[in-house]
Amino acid sequence: MTDQMSDESYARWYERTRDDTARLTRIRSVSPSAEENRAAEEALSLLREGGLDDAYTLSGLDALAGDRYGRHNAYAVLRGHSPRAVVLLGHLDTVGTADYGPLEPWALDPDGLAQRHEEVARLAPGVVEDLAAYPDDWMFGRGVADMKSGVAATISVMRHFAEQARAGACPLSIVLLATVDEENESAGVLQAVRFLHTLRERYGLEYIGAINTDYTAARYPGDPHRYIYTGTVGKLLPSLFVVGQAAHAGDPFAGLDANLLLAELVRDLSMNTTLCDAVGREVAPPPVTLHATDLKDGYDTQLPFAAYLYLNVVTLTTEPSALLETLRGRAEAVMAALLARLDDAAARWRRQGDAMATDEEGPRRVGTMLTYAELRRTTVERLGAETVSVALAAEWDHLPADLDKRERCMRLTQRLWALSGRQGPAVVLFYAPPYYPHVAARPSALEDAVAAAAAAHPEHKLVAREYFPLLSDLSYLRLDPDVDLTALRDNMPVWQEQEPASESGKPPRPGSYSLPLAQMRSLDLPVVNIGPYGRAVHQAGERVLMSYSFGVVPQLIYETIERLAGTVHHGDTETRRG
Ligand SMILES: [Zn+2]
């Protein structure tokens with residue numbers, strides 16, 4: 001027992017949250033798969049357990065429209081005295097368990113792993129030190145930190161308010177949403193956005209903001225702080241389609257090895273800290289490639305003449321159009337430098353190998369740098385809009401329906417390149433899914449309430465930071481009105497504009513990507529993240545600090561809601577007076 005747990009206000013949440021975390025952890029819910037549904041069903045039964053079914057205005061499972069795994073989110077709604085509503089948000093899915101190796105049979109069994117701490121310690125660095133620093137205070141297992149404990153914490157708080165509601169004393173409205181697919185493409189929260197929209201209309205709710213409970217972690221070795229976040233980072237996935245020139249490997253100067261150009265681009269872009277987005281003290285991590293390959297199917301002695309890569313870019317403020325221009329500039333410079341170097345190498349090589357060769361140089365190599373939108377526009381000018389549309393649609397239909405969306409983007413770009421009649425060397429820049437908008441902090445009643453709740457507990461060394469450092473569902477609850485997504489839409493080959501489902505009812509095209517932008521804009525929720533404290537997430541040593549995560553986190557969420565209820569009361573009085 002730590003000091004924290006002697007405090008009654010934490011103790012009242014602890015046991016229930018711990019047990020629910022273990023129960024949710026024991027259910028396998030690797031994303032994307034149909035098994036995520038079992039976790040959603042379990043979350044719903046935890047919410048309702050002990051006869052609380054009737055206490056909610058509404059609770060159940062909400063199906064994801066057009067989902068190929070038939071998944072649904074779990075939800076519960078309390079319509080309190082005030083229409084002003086807080087959203088509690090968490091995800092139920094996890095990444096896979098293969099990283100546990102010999103311990104995989106116990107990956108979802110916190111008790112089993114507790115009996116095998118020594119083996120866990122052998123797989124995961126830092127476990128021995130953590131167990132010494134916080135004895136008996138860690139729970140191990142896939143998803144315990146990311147983030148079944150976070151969902152369990154919101155369930156504990158929701159149950160508390162459900163009991164209050166039954167006594168007719170729920171001060172404001174609360175919506176709990178436990179989503180699927182966060183570790184994949186966030187399809188769960190995109191459905192939740194639509195759900196929140198519908199709910200607002202039906203019950204006249206006025207959303208104050210959303211509290212997400214994804215895991216938090218130390219920001220540097222020995223960091224004693226616990227963190228609360230008032231915004232989140234975003235992400236773009238720019239991709240580069242690289243065109244070389246075909247030639248026999250015995251005559252390489254006649255062509256261009258696309259892999260060489262690809263490698264130069266990787267060297268310039270990956271881990272380049274000058275490309276880090278920064279705001280004040282907040283600095284995003286540098287870009288890295290998540291994939292880079294040529295497009296050969298098998299062995300031959302021809303130079304690879306096409307290749308592609310995509311780049312993970314974490315954003316704080318950079319918009320799609322600005323990133324596109326930055327990458328265009330860099331890729332153009334990289335290509336020009338490489339081609340000049342090859343021209344020089346070709347001349348040297350000719351002189352070296354053939355005394356009769358003159359110093360006369362052949363034509364210098366020239367490369368073409370285009371965005372997908374530019375390639376499309378110039379190809380349409382050449383062939384007409386109809387021809388290009390028909391050819392791209394035929395390519396789309398010809399590709400397997402379950403093809404990876406990034407690869408679908410690349411194949412469509414490749415088809416467009418072929419239609420253009422252009423010759424390499426070239427680089428074509430496009431965007432691939434997913435897109436996570438960054439969300440900056442914004443003054444709000446929610447932010448004030450969280451700050452006050454945190455300030456009331458200096459013993460936990462709580463620090464509020466602006467950008468939650470990992471991708472999360474928070475990205476989709478708000479979209480700033482002045483963000484310009486034209487460059488994203490025009491340069492993402494699989495982008496499909498989304499019409500309101502109620503109007504069109506048209507199913508999305510297989511393999512397409514869309515976001516409910518209008519609904520995100522209209523929701524416009526202030527967001528915060530108050531999450532469990534974990535380590536080694538997405539690794540075999542995944543663990544959650546129980547005293548903080550099962551005691552302090554629910555209490556902080558509870559106090560935040562209570563403070564908001566106070567704000568609401570104050571506000572209502574003023575309105576009446578006015
Ligand atoms: Zn997570």
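### Focus on the overall build of the chain
Thought 1: For the chain, the helix and strand inventory stands at 18 helices and 18 strands.
Thought 2: For 578 residues, the compact-globule estimate of 2.2 N^0.38 gives 25 Å, and the C-alpha radius of gyration of the chain, at 27 Å, lies within 12% of that figure.
Thought 3: Seen through its C-alpha atoms, the chain measures out along the principal axes to roughly 95 × 55 × 40 Å.
Thought 4: Looking at the chain as a whole, 54% of its 578 residues qualify as buried.
Thought 5: Across the chain, the fraction of contacts at a sequence separation of at least 24, relative to all contacts at a separation of at least 6, is 79%.
Thought 6: Surface exposure of the chain reaches about 24,200 Å², of which carbon and sulfur atoms provide 51%.
Thought 7: Of note, the chain has its 57 positive side-chain charges centred 2 Å away from the centre of its 80 negative side-chain charges.

### Focus on unusual backbone geometry
Thought 1: Of note, the amide linkage connecting Gly-424 to Pro-425 takes the cis form, showing an omega dihedral of 0°.
Thought 2: When you line up the elements, Pro-425 lands in the loop between helix 13 (405–420) and strand 14 (426–436).
Thought 3: Cis geometry marks the peptide bond from Pro-433 to Pro-434, where omega comes out at 0°.
Thought 4: Its location among the elements puts Pro-434 in strand 14.
Thought 5: The backbone phi angle of Asp-136 is positive, close to 55°, even though this residue is not glycine.
Thought 6: Tracing the backbone shows Asp-136 in the loop between helix 6 (127–133) and strand 4 (138–140).
Thought 7: Its relative accessible area of 75% is what places Asp-136 among the exposed residues.
Thought 8: Here the phi dihedral of Met-271 falls at roughly 65°; this positive angle occurs in a residue that is not glycine.
Thought 9: Using a relative accessible area of 55% as the deciding quantity, one classes Met-271 as exposed.

### With respect to the packing of helix 3 (residues 36–48) against helix 7 (residues 144–166)
Thought 1: One can describe the packing of helix 3 onto helix 7 by two numbers: an axis separation of 9 Å at closest approach and a directional angle of 35°. For the pair helix 3 and helix 7, the crossing hand works out as right-handed. Between helix 3, through Ala-43, Leu-46, Leu-47 and Arg-48, and helix 7, the contact on the second element is made entirely by Ile-155, Met-158 and Arg-159.
Thought 2: By residue class, the composition of the contact of helix 3 with helix 7 is five nonpolar, no polar and two charged.

### Focus on the nonpolar core
Thought 1: Ranked by internal contacts, the top residues of the largest apolar core, which has 90 residues, are Leu-196, Tyr-207, Phe-241, Leu-265, Tyr-476, Leu-477 and Leu-515.
Thought 2: Those residues within four positions of Tyr-207 in sequence are excluded, and the remaining contacts are Ala-85, Val-87, Val-175, Leu-196, Leu-199, Arg-200, Leu-523 and Leu-525.
Thought 3: Judged by nonpolar contacts, the second largest core, of 63 residues, contains Val-120, Met-158, Ala-162 and Ala-454.

### Digging into the packing of helix 11 (residues 372–383) against helix 13
Thought 1: Running from N to C, helix 11 and helix 13 point in directions that differ by 40°, and their axes come no closer than 9 Å. Between helix 11 and helix 13, the angle is such that the two are oblique. Considering how the two elements wind past one another, helix 11 and helix 13 form a crossing that is left-handed. Here Tyr-372, Leu-375, Arg-376, Thr-379, Arg-382 and Leu-383 of helix 11 come into contact with helix 13, specifically with Thr-413, Leu-416, Trp-417, Leu-419 and Ser-420.

### Quick word on helix 13
Thought 1: Here helix 13 spans 23 Å end to end across 16 residues, near enough to the 22 Å set by a 1.5 Å rise per residue.
Thought 2: When we look at burial in helix 13, the residues that qualify are Lys-405, Arg-406, Arg-408, Cys-409, Met-410, Leu-412, Thr-413, Leu-416, Trp-417, Leu-419 and Ser-420.
Thought 3: Turning to helix 13, the residues buried within the fold contact strand 8 (234–243), strand 12 (306–315), strand 13 (368–371), helix 11, helix 12 (385–398) and strand 14.
Thought 4: Of the residues that open helix 13, the one with a side-chain oxygen 2.9 Å from the backbone nitrogen of Arg-406 is Asp-404.

### Re the environment of Ala-331
Thought 1: With respect to the secondary-structure elements, Ala-331 resides in helix 10 (residues 320–353).
Thought 2: Given the relative accessible area of 1%, Ala-331 is considered buried.
Thought 3: Counting along the chain gives 276 residues from Ala-331 to Ala-55, while the straight-line C-alpha distance between them is 59 Å.
Thought 4: Ala-331 has contacts with Leu-240, Leu-265, Met-369 and Val-427, leaving out every residue within four places of it along the chain.

### Side note on the side chain of Ser-31
Thought 1: Its location among the elements puts Ser-31 in the loop between helix 2 (8–25) and helix 3.
Thought 2: Using a relative accessible area of 14% as the deciding quantity, one classes Ser-31 as buried.
Thought 3: Here the side chain of Ser-31 touches Asp-93 through a polar contact of 3.3 Å, side chain to side chain.
Thought 4: Here Ser-31 is in contact with Glu-36, Arg-71, Asp-93, Thr-94, Asp-181, Glu-183 and Asn-184, once residues within four sequence places are set aside.

### Regarding the packing of aromatic side chains
Thought 1: Counting across every chain of the model gives twelve aromatic pairs.
Thought 2: Measuring from centroid to centroid gives 5.1 Å for Phe-253 and Trp-349, while their planes differ by 45°, and the two rings are tilted. In this pair, Phe-253 is assigned in the loop between strand 8 and helix 9 (258–269) and Trp-349 in helix 10, connecting sequence segments 96 residues apart.
Thought 3: An aromatic cluster of three or more residues is present, and its members are Trp-13, Phe-161 and Tyr-558.
Thought 4: Above the ring of Tyr-558, the side-chain terminus of Arg-12 is found at 4.5 Å from the ring centroid.
Thought 5: Above the plane of the ring of Trp-138 lies Arg-543, whose end atom (NZ or CZ) is 5.7 Å from the centre.

### Describing the sheet that holds strand 16 (residues 527–530)
Thought 1: Across the sheet, which stays open at both edges, the eight strands sit in the order 1-2-5-3-6-16-7-15 with mixed pairing between neighbours. Of all the strands in the sheet, just strand 1 (58–63) and strand 15 (462–468) have a single pairing partner and so form its edges. Adjacent strand axes in the sheet meet at a mean angle of 25°, parallel and antiparallel pairs treated alike.
Thought 2: Here strand 6 (residues 206–212) runs beside strand 16; their pairing, made up of three bridges, is parallel. Paired with Ile-211 across the bridge in strand 16 is Val-528.
Thought 3: Running at roughly 20° to strand 2 (residues 72–78), helix 3 makes contact with strand 1, strand 2 and strand 5 (173–179) of the sheet.
Thought 4: Across the sheet, helix 8 (residues 187–203) lies against strand 1, strand 2, strand 3 (84–91), strand 5 and strand 6, angled at about 155° from strand 5, the strand it touches most.

### Details of helix 12
Thought 1: Taking 1.5 Å per residue, 14 residues should reach 20 Å; helix 12 reaches 20 Å between its end C-alpha atoms and fits that length.
Thought 2: Contact partners of the buried residues in helix 12: helix 11 and helix 13.

### Some thoughts on the coordination of the zinc ion
As a benchmark, a tetrahedral metal site with four donors has ideal angles of 109.5 degrees, while an octahedral site with six donors has ideal angles of 90 or 180 degrees.
Thought 1: All of the protein donors around the zinc ion are His-91 (NE2), Asp-146 (OD), Asp-214 (OD) and Asp-214 (OD); their distances to the metal are 1.8 to 2.5 Å.
Thought 2: Considering all four donor atoms around the zinc ion, the spread of angles at the metal, 53 to 141°, places the coordination shape in the irregular class.
Thought 3: Expressed as a motif, the donor residue spacing for the zinc ion is H-x54-D-x67-D. One end of the pair, His-91, is in strand 3; the other, Asp-146, is in helix 7, and 55 residues separate them in sequence. Per residue, the accessibility class of His-91 equals that of Asp-146, and both read buried.

Conventions adopted
Residues numbered from 1 in each chain as written. Predicted model: local features only at pLDDT ≥ 70, side-chain atom pairs only at ≥ 80, totals over all residues. Heavy atoms only, no water. Helix = DSSP H or I, 4+ residues; strand = E, 2+ residues; numbered from the N terminus. Rg over C-alpha atoms; globule rule 2.2 N^0.38 Å. Buried < 20%, exposed > 50% of the residue type's maximum accessible area, 1.4 Å probe, protein only. Contact = heavy atoms within 4.5 Å. Areas by Shrake-Rupley, 256 points an atom, 1.4 Å probe, with all protein chains shown as cover. Lys, Arg positive; Asp, Glu negative; His and termini not counted. Charge placed at Lys NZ, Arg CZ, Asp CG, Glu CD. Axes fitted to C-alpha atoms, helices over the stretch in contact; angles between N-to-C directions. Left-handed = near helix turned anticlockwise from the far one by under 90°. Nonpolar A, V, L, I, M, F, W, Y, C, P; charged D, E, K, R; others polar. Core = buried A, V, L, I, M, F, W, Y, C linked by side-chain atoms within 4.5 Å. Parallel < 35°, antiparallel > 145°, perpendicular 65-115°, else oblique. Expected span 1.5 Å × (residues − 1). Polar contact = N/O pair within 3.5 Å; in protein donor to acceptor, adjacent residues only side chain to side chain. Phe/Tyr/Trp six-rings, centres within 6.5 Å; stacked < 30°, edge-to-face > 60°. Lys NZ or Arg CZ within 6 Å of the ring centre and 35° of its normal. Pairing = 2+ DSSP bridges. Donors = N, O, S within 2.8 Å, 3.2 Å for Na, K, Ca; no water. Tetrahedral: all angles 85-135°; square planar, octahedral: opposite > 155°, others 65-115°.

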